[in-house]
Amino acid sequence: MSHISIACVALHNGKILLAHRNPTGQMGGRWEFPGGKVDAGESDEEAIVRECREEFGINVKVGRRICESSFLHNGEQFLLHAYRIFVPHDGIAVPYTLTEHSEYRWADIGEVPSLHFVDSDMKLYPCIKEYVADVNAGKAE
């Protein structure tokens, strides 16, 4: 049986929201697309709303699924679904309330490969990069 995790793609002024994990745990201290695990009995959309509320203190709107990938973690299979999300504000004037991350920033999608990024999210990078380019060119929303 596969576990499901979600990755969130929030865009603002052509940039994507990236979060820097707290320095604990296996992937501690790495950058990632915000997200987390889908709990039993929870839909992807419910997990996205919950994770963003818990980790950033914001209520988001969930857009379409962009793409998916899979990865092994501690010998267990995970499916990773990437979704477009819409944040209520950019977290600059009014900072997000962080519980799982040390910082966040809006970055150009092209910066991702140069950051110490979570392995599973890098599997999504090619399709997310293409999606961001389409949004920035007005071909997607």
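Sequence positions are assigned chain by chain, starting from 1 and proceeding in written order. Local features in a predicted model are, by the rule used here, given only for residues with pLDDT of at least 70; side-chain atom pairs are given and counted only at 80 or more, and totals for whole chains, interfaces and linings are based on all residues. Side-chain metrics in this entry use all non-hydrogen atoms of the structure; hydrogen atoms and water are not considered.

Enquirer: Can you tell me about the overall build of the protein, naming the residues and giving the values?
Expert: Looking only at helices and strands, the protein features two helices and seven strands. Each helix and strand of the protein, ordered N terminal to C terminal, gives the series β-β-β-β-α-β-β-β-α. Here the globule rule is a power law, 2.2 Å times the number of residues to the power 0.38, and the radius of gyration is based on C-alpha atoms. For 141 residues, the compact-globule estimate of 2.2 N^0.38 gives 14 Å, and the C-alpha radius of gyration of the protein, at 14 Å, lies within 12% of that figure. The dimensions of the protein, computed from C-alpha atoms along their principal axes, are 40 × 30 × 30 Å. Note on contacts: a residue pair qualifies if any of its non-hydrogen atoms lie within 4.5 Å across the two residues. By sequence separation, contacts in the protein at least 24 residues apart represent 63% of the contacts at least 6 residues apart. Of the roughly 7300 Å² of accessible surface on the protein, 50% is carried by carbon and sulfur atoms. Residues scored as positive are Lys and Arg, those scored as negative are Asp and Glu, and His as well as the terminal groups of each chain are ignored. For charged residues, the charge sits on one atom: NZ in Lys, CZ in Arg, CG in Asp, CD in Glu. Charge-centre separation for the protein: the mean point of 14 positive side chains lies 4 Å from the mean point of 21 negative side chains. Secondary structure counts use DSSP, requiring at least four H or I residues in a row for a helix and at least two E residues in a row for a strand, with both numbered from the N terminus. All accessible-area figures derive from a Shrake-Rupley calculation using a 1.4 Å probe, and residue coverage is judged against the displayed protein chains alone.

Enquirer: Give a description of the packing of aromatic side chains that names residues and reports values.
Expert: Pairing of aromatic rings covers Phe, Tyr and Trp, the last counted by its six-membered ring, and requires centre-to-centre distances within 6.5 Å; plane angles under 30 degrees mean stacked, over 60 mean edge-to-face, and any other angle means tilted. If you walk through the whole model with that rule in mind, you get five aromatic pairs. Look at Phe 33 and Phe 117: their rings are 5.0 Å apart centre to centre, the planes differ by 65°, and that puts the pair in the edge-to-face class. Of the two residues, Phe 33 sits in the loop between β3 (31–32) and β4 (35–37) while Phe 117 sits in the loop between β7 (101–107) and α2 (119–136), which places them 84 residues apart along the sequence. Note on Tyr 96 and Tyr 104: the rings are 4.8 Å apart at their centroids and 35° apart in plane angle, and the pair reads as tilted. Exposure remark for Tyr 104: the relative accessible area of 16% places this residue in the buried category. Put simply, the rings of Phe 56, Tyr 96 and Tyr 104 touch in pairs and so form one group of aromatic residues. The rule is simple: take the accessible area with a 1.4 Å probe, protein chains only, and divide by the maximum for that residue type; under 20% is buried, over 50% is exposed, in between is partly exposed.

Enquirer: Could you give me a rundown of the pattern of salt bridges, with the residues and numbers involved?
Expert: Whenever Lys or Arg places a side-chain nitrogen within 4 Å of a carboxyl oxygen from Asp or Glu, that contact is recorded as a salt bridge. Counted according to the given criterion, the structure contains 10 salt bridges. Notably, a salt bridge pairs Lys 15 with Asp 108, separated by 3.1 Å at the nearest N-O pair. Here Lys 15, found in strand β2 (residues 15–21), pairs with Asp 108, found in the loop between β7 and α2; they are 93 residues apart in sequence, far enough to count as distant. The exposure class assigned to Lys 15 is partly exposed, which follows from its relative accessible area of 29%. For Glu 68, the salt bridge goes to Arg 65, with nearest N and O atoms at 2.5 Å. Owing to a relative accessible area of 44%, Glu 68 belongs among the partly exposed residues under this scheme.

Such coordinate-based values are descriptive only and should not be taken to indicate function.
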